[in-house]
Amino acid sequence: MRALALKVLPALVLAAIAVVPVGVRATPSTIFWAPSTPAVQAFGVMHLTYDTYFSDRAAYPIDLGATVGVLPWMGLQAEAGFDLLYPSVAGAEAIELPIVLNGKVGAPEDVYFRGQPAWALGAFGVGFESGSNDQHVLYGVLGKTLPHIGMAQVGAYYGLTEERFRSAAGQVNQSGLLAGWSSPAIDAPLVDKIVLAWDVQTGDNVLGATGGGVSVYFTPTIALLTGPVFFFEEELQPGGSSWSWSVQLDVDIDFSPDGGRRLP
Amino acid sequence: MMDIAFILIPLVFFLVSWLYVKAYDKLSERS
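Residues numbered from 1 in each chain as written. Chains lettered and ligands numbered in written order. Predicted model: local features only at pLDDT ≥ 70, side-chain atom pairs only at ≥ 80, totals over all residues.

## What about the overall build of chain A?
Of the regular secondary structure elements, chain A holds 1 helix and 14 strands. Taken across its 264 residues, chain A has 42% of its residues classed as buried. (Helix = DSSP H or I, 4+ residues; strand = E, 2+ residues; numbered from the N terminus. Buried ≥ 20, exposed ≤ 12 C-beta atoms within 10 Å, placed from the backbone.)

Below, the structure written as structure tokens:
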């Protein structure tokens, strides 16, 4: 009975992620700007994020998010999370509940066969306010760690809500490429390590941008990521800015007694 | 409304996640 419960409990969570319906940003596990990474939160580890994107003209809403790893298997991992975006003004009115959901399934490298890339399929921007935060983006990513270079990642996305994916000229651009790179850990004095990161999300729409920066890990579970983001459609961005600076605080909290890595 | 959402949503998410992991731990220990 307990063995059955051990299988049923994660399966119920996976089903809950699958049935969640699919302009604003959302943060599942990301590299810098976009979810262009196959990384999935480890089982029992909650990731908290506080993201800001600002320029001298305007800023994106502050993003307060949480994502947790929910499957205790190596061959199929999953994460689920949400973001609260404040202030929540859309037009003349504030969004009453500025929450967007995200979810992702995937597996790390080399679990099925030697040389197998990491993979992930997911959704983000799952909001409930029609006309404002209902982007409903599906995406998939592959990633491979290269010696001395770091992890290279590539994938694609498709936004289900046509109205949220228009260029400044009004053309519909619902899809694009995702690509990213994260460096190997770099030793640095006074801190745990430094990691460089870059990614791009193509498309003449509100999400089209490229950005990169440096992630300073003060401890293995607390990091500050900072750098610029350059937008492809500046007319669609806050204040018509062509770029923003980003500061992102990331914290991992491990709920499990033995490090959240109780994977076989 | 903002105050309620801002406090309750993270709190409930945190508690549900914690309870889920603890429940799995308990079941794992007993089986």
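Moving on from the coordinates now.
## Notes on the overall build of chain B
Helix and strand counts for chain B stand at 1 helix and 0 strands. Here the C-alpha coordinates of chain B stretch approximately 45 × 5 × 5 Å along the principal axes. Taking all 31 residues of chain B together, the buried fraction comes to 10%.

## Focus on the sheet that holds strand 13 (residues 222-231) of chain A
All names here are of chain A. Read around the closed barrel, 12 strands run 1-2-3-6-7-8-9-10-11-12-13-14, paired in antiparallel fashion. Along the sheet, successive strands turn relative to each other by an average axial angle of 20°, direction set aside. Relative to strand 3 (residues 77-86), strand 2 (residues 62-69) runs antiparallel, the two being bridged by 8 bridges. Paired with V68 across the bridge in strand 3 is A80. (Pairing = 2+ DSSP bridges. Axes fitted to C-alpha atoms, helices over the stretch in contact; angles between N-to-C directions.)

## Topic: the nonpolar core
Counting residues in each nonpolar core, the largest one holds 43 residues, and the members touching the most others are V68, V70 and A209 of chain A. Residue assignment for this core shows that the elements contributing at least two residues are strand 1 (45-54), strand 2, strand 3, strand 6 (99-107), strand 7 (118-127), strand 8 (134-146) and strand 13 of chain A together with helix 1 (2-30) of chain B. What A209 of chain A contacts, discounting residues up to four positions off in sequence, is W33, Q201, V229, F230, F231 and F232 of chain A. (Core = buried A, V, L, I, M, F, W, Y, C linked by C-beta atoms within 7 Å. Contact = placed C-beta atoms within 7 Å.)

## Quick word on the environment of V40 of chain A
All names here are of chain A. With respect to the helices and strands, V40 occurs in the loop between helix 1 (2-19) and strand 1. Residues V40 and A107, 67 residues apart in the sequence, show an inter-C-alpha distance of 7.4 Å. Setting aside residues up to four positions removed in sequence, V40 forms contacts with S29, G69, Q77, A78, E79, K104, G106 and A120.

## A closer look at unusual backbone geometry
Residues and elements named next belong to chain A. Each neighbour pair has its own omega, and for Y86 with P87 the value is -5°, a cis peptide bond. Positionally, P87 belongs in the loop between strand 3 and strand 4 (89-90). One non-glycine residue, D110, lies in positive phi territory at about 65°.

## Description of the environment of T202 of chain A
All names here are of chain A. Following the sequence through the fold, T202 ends up in the loop between strand 11 (193-201) and strand 12 (209-219). Sequence-wise, T202 and D250 are 48 residues apart; in three dimensions their C-alpha atoms are separated by 25 Å. With residues near it in sequence (within four places) discarded, T202 still touches G176, L177 and G208.

## Observations regarding the pairing of strand 2 of chain A
Consecutive side chains along a regular strand alternate between the two faces of the sheet. All names here are of chain A. For strand 2, a buried count of 6 out of 8 residues is recorded, marking the element as mostly surrounded by other parts of the structure. Sheet topology note: the strand 1/strand 2 ladder contains 6 bridges and is antiparallel. Paired with L48 across the strands is A66, a residue of strand 2.

## Concerning the environment of G44 of chain A
Residues and elements named next belong to chain A. Counting through the fold element by element, G44 comes out in the loop between helix 1 and strand 1. Owing to 26 C-beta atoms within 10 Å, G44 belongs among the buried residues under this scheme. A C-alpha to C-alpha distance of 22 Å links G44 and D63, two positions 19 residues apart in sequence.

## Let's talk about the confidence of the model for chain B
Within chain B, residue pLDDT values average 86, and 90% of them lie at 70 or more. Overall fold confidence (pTM) sits at 0.86, and the ipTM for the predicted complex is 0.86. (pLDDT = per-residue confidence, 0-100.)

## Structural notes on the pairing of strand 9 (residues 150-159) of chain A
All names here are of chain A. Bridging between strand 8 and strand 9 involves 10 bridges; their strand directions are antiparallel. Bridging across to strand 9, V141 finds its partner in G155. Where strand 9 meets strand 10 (residues 175-182), 8 bridges bridge the pair, whose relative direction is antiparallel. When the bridges of strand 10 are listed, G155 appears paired with L178.

## Examining the confidence of the model for chain A
Mean pLDDT for chain A: 88, with 86% of residues reaching 70 or above. Predicted confidence for residues 16-27 of chain A stays below pLDDT 50, and this span has 36 contacts to residues more than four positions away or in other chains.

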